[in-house]
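Okay, here's what each chain looks like letter by letter:
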Amino acid sequence: MTVLDQDYPANLRVIGNLPPFLFYRGELDERDARSIAIVGTRQASEDGLRRAARMARELVEHDVVIASGLAKGIDAAAHQATLTAGGRTFAIMGTGIAAPFYPAENRPLAKAILTAGGALLSQFWPANGPARHTFPRRNVVTSGTTLGSVVIEASNTSGAKMQARLAADHGKLVFLIRSLADTQPWAKKMLDENRAILVTQSSDITDRLGRAADIQRAGQQRQQLALAGL
């Protein structure tokens, strides 16, 4: 799909550094407009994995679509918990959708996402493999395709910290759970600067979300304005 197509993700249209095209496998859905990314470190603690899964389950109960990056750790826990709860999830890839799968251990999870009617999306040419530059660019799209990002567990050098910064720059909602704010100076700084919202319960997130149909309609209006300016 290209940015000129009607099914281009509504949330992605609002960021300045959006990719002009996306490749995807699976099924797109208008409900994806009401989505939240759950992200965090690959080297997640057991507590972090449990928190990611609980957050995904609680958001699914409020009809929120869950996005993540299909990486090890927090990403995989969020995707799997969403599927187990009968929710919808989509993954933003750091490789092309036809490249050898990375990480290989999450290939069954990717298949389960597709089987459940979800989607795999990528801004990279289908055969492109992983590279150092692809994952930061993946974070841009993961932020852009959602209304906001919840960071569960992330060190100062984690890609999830980068996504929190990107989401704030994009004008998206940034949610940081209390355990992260209590242990990571970068998270406390974002909260102190009012660039993020402290999450103590899932309603701190769901109370700030609109309806998928309204979000989709706003995206289509932006598309029409962009086409009118060509």
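As the structure is a prediction and not an experimental result, all values here were calculated from the model. (Residues numbered from 1 in each chain as written. Predicted model: local features only at pLDDT ≥ 70, side-chain atom pairs only at ≥ 80, totals over all residues. Heavy atoms only, no water.)

Before we move on, could you go through the pattern of salt bridges and cite the residues and values that matter?
As enumerated under the stated definition, the model contains 6 salt bridges in all. With a shortest N-O distance of 3.0 Å, Asp-29 and Arg-31 are connected by a salt bridge. A relative accessible area of 28% places Asp-29 in the partly exposed class. Accessibility expressed as a relative area gives 47% for Arg-31, which makes it partly exposed. Close ionic contact of Asp-169 with Arg-165 constitutes a salt bridge, the shortest N to O distance being 3.6 Å. (Salt bridge = Lys/Arg side-chain N within 4 Å of Asp/Glu carboxyl O. Buried < 20%, exposed > 50% of the residue type's maximum accessible area, 1.4 Å probe, protein only.)

Which residues make up the environment of Ala-164, and what values do they have?
Mapped onto the elements of the fold, Ala-164 is located in helix H5 (residues 159-169). We classify Ala-164 as buried; its relative accessible area is 0%. The spacing of Ala-164 and Met-55 is 109 residues in sequence and 17 Å in space, taken between C-alpha atoms. When sequence neighbours within four positions are dropped, the list of residues in contact with Ala-164 reads Val-151, Val-174, Trp-186 and Met-190. (Helix = DSSP H or I, 4+ residues; strand = E, 2+ residues; numbered from the N terminus. Contact = heavy atoms within 4.5 Å.)

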